Amino acid sequence: MNLSVASIDDLSARVDAVRAEHDRHFPGPATGRQPVHTVYVPADRFSPSTPTDFGAEALRLLNTHTPGAGSFGTAFGIDPEIAGTVRERVAAKLAAEPVEDVRVDFEDGYGVRDDAEEDAHIAQVVEAVAAAYQGRTLPHYWGLRVKSFADGGHVRAMRTLDGFLTALRDRLGRLPGGFTITFPKVVMAEHVTIFVEYLERLEAALGLPPGILRFEVQVETTEAIIDHEGRFGLRAIVEAAAGRLTAAHFGVFDYTAACGLPPAEQRLDHPACDFARHAMQVSLAGTGVRLSDGSTNVVPRNDGPDEVNHTWAVHAAHVRHSLRHGFYQGWDMHPAHLPSRYAAVYAFHLSGVDEVIGRVRAWHEQAAGKGDGVLDEPATIKALTARLRRAVDCGALDESVLP
């Protein structure tokens, strides 16, 4: 060697500083369970039994329109070899945990009401959440969607959140776990900065631990993708959130309308949405911020088989499109969406699962010096293991498949 270790100490220090700066911005993927969906329910329609009511109606539709494996596979486009297994597990899921994440909606699905009416609905929602929590029917993840700061709803949004959390504290004496706030229609990172400052003040006023109020943003404006200075906008939004941001949810209909698409083309699988999703993936990879796709606005107008099967075909195709693009969560808005959500997700996880399990186990045997052959790349094994973990979390597979 021509250079001593001491002579490159300054370079090593700079490498360490770059690594530390990188790790500050990219701490790695989020850990723990990610729900497969978020169910949005208008605030005036939410009751303690809403999650179980959704499940009961979804199971009724499933049994009425797909009584066996053959009709189930046809309805959801599932390989006959696994259709029976998928149907059995979907039915069990709808009976045991039909809703993994629920969002009580005070925004678009609720509309603009006068203050007295919205305040009354806050009190109604507090009682419903408290009853569901005490009765163990509150989903693992839950929360509120407040009005947007972008269209003049900021005062009402803050009043709603304050009123809800104050009344819930007085009712239960605590904030149940899994609570998330949905912050919609972000157009400027500065709105996120202001929202964070409001949450800090609210925590202090309520006596909550600093940082406990976390939120997800809805990416449903073109400005969230490309900001006012022509840069990708999501990185600034993450920085403005100051560690409170849990997820970014894509909003199909506002985004496609902003892009000038006609109503018939405002759909989740439009190529314009693919661009937005890819921008979200690249901007948020490694940040710990999870991704969720948007919703399908097709719902059955009645219980007729044509209506129900059309809804299922469209929704299942949209869910598969999301899964192929690496979006493992989406929005659901109607009980009819639950069978197609779980059918598409479970079929995705069960298709080729034996090969996935074999590759992961072979890699671990190789790492332990017990096997031979060609090794997968570590990044590939991480992705395959994550797939198995997601499958176990949502009920598609049993815990025993994990290495």
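It should be noted that the structure appears before, not after, this text.
Report follows, based on the coordinates. (Residues numbered from 1 in each chain as written. Predicted model: local features only at pLDDT ≥ 70, side-chain atom pairs only at ≥ 80, totals over all residues. Heavy atoms only, no water.)

## Describing the sheet that holds strand β7 (residues 290-292)
1) Next: The strand order across the open sheet formed by eight strands is β7-β6-β5-β4-β3-β2-β1-β8, and the pairing between neighbours is parallel. Only two strands of the sheet have a single partner each, and these edge strands are β7 and β8 (330-332). For this sheet the average axis-to-axis angle between neighbouring strands, irrespective of direction, equals 30°.
2) Next: Its contacts with the sheet put helix α11 (residues 271-284) on β5 (215-219), β6 (245-250) and β7, and the angle it makes with β6 is roughly 165°. (Pairing = 2+ DSSP bridges. Helix = DSSP H or I, 4+ residues; strand = E, 2+ residues; numbered from the N terminus. Axes fitted to C-alpha atoms, helices over the stretch in contact; angles between N-to-C directions. Contact = heavy atoms within 4.5 Å.)

## Things to note about the environment of L268
1) Next: Here L268 is to be found in the loop between α10 (252-258) and α11.
2) Next: Of the residues examined, L268 reaches a relative accessible area of 2% and is grouped as buried.
3) Next: For L268 and A242, which are 26 residues apart along the polypeptide, the C-alpha to C-alpha distance reads 30 Å.
4) Next: Discounting chain neighbours no more than four positions away, the residues touching L268 are V252, C273, R277, D293, G294, S295, H318, H321 and S322. (Buried < 20%, exposed > 50% of the residue type's maximum accessible area, 1.4 Å probe, protein only.)

## Describing a nonpolar patch on the surface
1) Next: Judged by side-chain polarity, L3, I8 and L11 come together as a nonpolar surface patch covering roughly 260 Å² of accessible area.
2) Next: Mapping L3 onto the fold places it in the segment before α1 (9-25). (Patch = residues over 30% accessible without salt bridge, like charges linked within 9 Å, V, L, I, M, F, W, Y side chains within 5 Å. Areas by Shrake-Rupley, 256 points an atom, 1.4 Å probe, with all protein chains shown as cover. Salt bridge = Lys/Arg side-chain N within 4 Å of Asp/Glu carboxyl O.)

## Some points on the side chain of D332
1) Next: By secondary structure assignment, the location of D332 is in strand β8.
2) Next: Relative accessible area serves as the criterion here: at 0%, D332 is assigned to the buried category.
3) Next: In this view, D332 contacts H37, T38, V39, Y40, H315, H337, L338 and R341; residues no more than four positions away in its chain are not counted.

## A few points about empty space enclosed by the protein
1) Next: Across all of its chains, the model carries three cavities of 30 Å³ or more by this definition.
2) Next: Taken as a whole, the largest cavity holds about 70 Å³ of empty space.
3) Next: Looking at the largest cavity, the residues that line it are Q34, P35, V36, E100, Y328, V345, H349, R390, D393 and C394.
4) Next: Counting only elements with at least two residues in the lining of the largest cavity, the list comes to α13 (337-350) and α15 (378-394).
5) Next: If you tally residues by element for the lining of the largest cavity, the top one is α15, at three residues.
6) Next: A class-by-class count of the residues in the lining of the largest cavity yields five nonpolar, two polar and three charged.
7) Next: Forming the walls of the second largest cavity are L268, G294, S295, T296, H315, H318, V319, S322, W331 and R341.
8) Next: Among the elements that take part in the lining of the second largest cavity, helix α12 (residues 305-324) stands out by supplying four residues, more than any other. (1 Å grid on protein atoms, 1.4 Å probe; cavity = no way out; pocket = protein on both sides within 12 Å on 5 of 7 lines; lining within 4 Å. Points joined across faces, edges and corners; volume = space filled by probe spheres on them. Nonpolar A, V, L, I, M, F, W, Y, C, P; charged D, E, K, R; others polar.)

## Brief notes about the pairing of β5
1) Next: The buried fraction of β5 amounts to five of the five residues, a majority that puts the element mostly inside the structure.
2) Next: The pairing of strand β4 (residues 179-183) with β5 spans three bridges and is classified as parallel. Within β5, the residue paired with T182 across the bridge is E216.
3) Next: Once you follow β4 into helix α7 (residues 189-206) and on to β5, the crossover reads as right-handed. (Right-handed = clockwise from strand over helix to strand, strands pointing away.)

## Observations regarding the packing of aromatic side chains
1) Next: Summed over all chains, the structure comprises 15 aromatic pairs.
2) Next: Measuring from ring centre to ring centre gives 6.2 Å for F164 and F179, while their planes differ by 20°; the resulting arrangement is stacked. Of this pair, F164 sits in helix α6 (residues 154-172) while F179 sits in strand β4, placing them 15 residues apart in sequence.
3) Next: Judged by relative accessible area, F164 falls into the buried class, the value being 0%.
4) Next: Relative to Y255, the ring of F250 lies with its centre 5.3 Å away and its plane at 65°, an arrangement referred to as edge-to-face. Like F250, the residue Y255 is buried in the burial classification.
5) Next: Ring-pair connections join several aromatic residues into one group, and the members of that group are F149, F183, F195 and F215.
6) Next: Cation over ring: R113 sits above Y110, and NZ or CZ is 4.1 Å from the ring centre. (Phe/Tyr/Trp six-rings, centres within 6.5 Å; stacked < 30°, edge-to-face > 60°. Lys NZ or Arg CZ within 6 Å of the ring centre and 35° of its normal.)

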